[in-house]
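This is what each chain is made of:
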Amino acid sequence: QVSLVESGGGLVQPGGSLRLSCVVSGGTFSRYVMGWFRQAPEKKREFVAAISGPGDRPYYANSVRGRFTISRDNAKNTVYLQMDSLNAEDTAIYYCNTDPFAVVAGKEYDYWGQGTQVTVSS
């Protein structure tokens with residue numbers, strides 16, 4: 001069983017930055033393609049970014065490309081999401097995930113963590 005713990009969220013003004021972290025326990029972290037998703041009030045959970053196991057291939061949703069950067073440290077079993085130029089539409093609970101491409105394809109995921117709240121407001 002895998003356990004995911006997200007952190008780093010908070011309240012930030014438009015144009016500001018935050019760096020999210022997700023620590024993974026269980027399984028072999030380096031084998032996982034890691035991803036970030038977010039869920040805003042009254043909306044479905046949506047894909048944000050993903051990164052290959054070695055960390056050499058990132059993928060981004062169009063809505064965040066150029067503003068967000070995903071990275072990972074396999075020695076720390078941690079994936080990060082650096083978020084810059086934040087705007088109100090980025091307000092959501094952010095979750096990490098160990099099988100993002102399958103989830104995007106419609107597969108049910110059983111190991112969502114508690115997420116971390118990001119609120120962008122002036």
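Residues numbered from 1 in each chain as written. Predicted model: local features only at pLDDT ≥ 70, side-chain atom pairs only at ≥ 80, totals over all residues. Heavy atoms only, no water.

Trainee: For the pairing of strand 7 (residues 68-73), give the residues involved together with the corresponding values.
Mentor: Across the two faces of strand 7 the burial differs, with Phe68, Ile70 and Arg72 buried and Thr69, Ser71 and Asp73 not buried at all. Inspection of the sheet shows strand 7 paired to strand 8 (residues 78-83) by six bridges, in the antiparallel sense. Residue pairing for strand 8: phenylalanine 68 is matched across the bridge by methionine 83. Turn length for the strand 7-strand 8 hairpin, with the two strands adjacent in sequence and antiparallel, is four residues, and the turn residue asparagine 77 shows positive phi of about 50°. (Buried < 20%, exposed > 50% of the residue type's maximum accessible area, 1.4 Å probe, protein only. Helix = DSSP H or I, 4+ residues; strand = E, 2+ residues; numbered from the N terminus. Pairing = 2+ DSSP bridges.)

Trainee: Give a description of the pattern of salt bridges that names residues and reports values.
Mentor: Tallied over the entire structure, the rule returns three salt bridges. Of the charged contacts, one joins arginine 67 and aspartate 90 as a salt bridge, the two residues approaching to 2.7 Å between their closest N and O atoms. Of the two residues, arginine 67 is situated in the loop between strand 6 (58-60) and strand 7 and aspartate 90 in the loop between strand 8 and strand 9 (92-97); the sequence distance between them amounts to 23 residues. Across the pair, aspartate 90 and arginine 67 agree in class, each one buried. (Salt bridge = Lys/Arg side-chain N within 4 Å of Asp/Glu carboxyl O.)

Trainee: Go over the layout of surface pockets, please, and point to the residues and values.
Mentor: Empty space among the atoms becomes apparent when a probe as large as a water molecule is rolled across them. When its volume is computed, the largest pocket comes out at roughly 190 Å³. Class assignment for the residues of the lining of the largest pocket results in six nonpolar, one polar and three charged. (1 Å grid on protein atoms, 1.4 Å probe; cavity = no way out; pocket = protein on both sides within 12 Å on 5 of 7 lines; lining within 4 Å. Points joined across faces, edges and corners; volume = space filled by probe spheres on them. Nonpolar A, V, L, I, M, F, W, Y, C, P; charged D, E, K, R; others polar.)

Trainee: Describe unusual backbone geometry, and please don't skip the residues or the numbers.
Mentor: Trans peptide bonds make up the majority, and among non-glycine residues the majority have a negative phi. Residue glutamate 42 is not a glycine yet carries a positive backbone phi of 65°. For glutamate 42, the location among the structural elements is in the loop between strand 4 (34-39) and strand 5 (46-51). With relative accessibility at 84%, the residue glutamate 42 sits in the exposed group. Look at serine 85: it is not a glycine, yet its phi comes out positive at around 50°. Structurally, serine 85 can be placed in the loop between strand 8 and strand 9.

Trainee: Break down the packing of aromatic side chains for me, citing the residues and quoting the values.
Mentor: Taken as a whole, this structure holds six aromatic pairs when the rule is applied. For the ring pair tyrosine 109 and tyrosine 111, a centre distance of 6.0 Å and an interplane angle of 80° mean the geometry is edge-to-face. Tyrosine 109 gets classed as buried once you look at its relative accessible area, which sits at 10%. On the numbers, 5.0 Å between centres and 70° between planes, the contact of tyrosine 109 with tryptophan 112 is edge-to-face. For tryptophan 112, a relative accessible area of 24% puts it in the partly exposed group. If you follow arginine 45 out to its NZ or CZ, it ends over the ring of tryptophan 112, 3.9 Å from the centre. A cation over an aromatic ring shows up here: arginine 72 above the ring of phenylalanine 29, its NZ or CZ 4.4 Å from the ring centre. (Phe/Tyr/Trp six-rings, centres within 6.5 Å; stacked < 30°, edge-to-face > 60°. Lys NZ or Arg CZ within 6 Å of the ring centre and 35° of its normal.)

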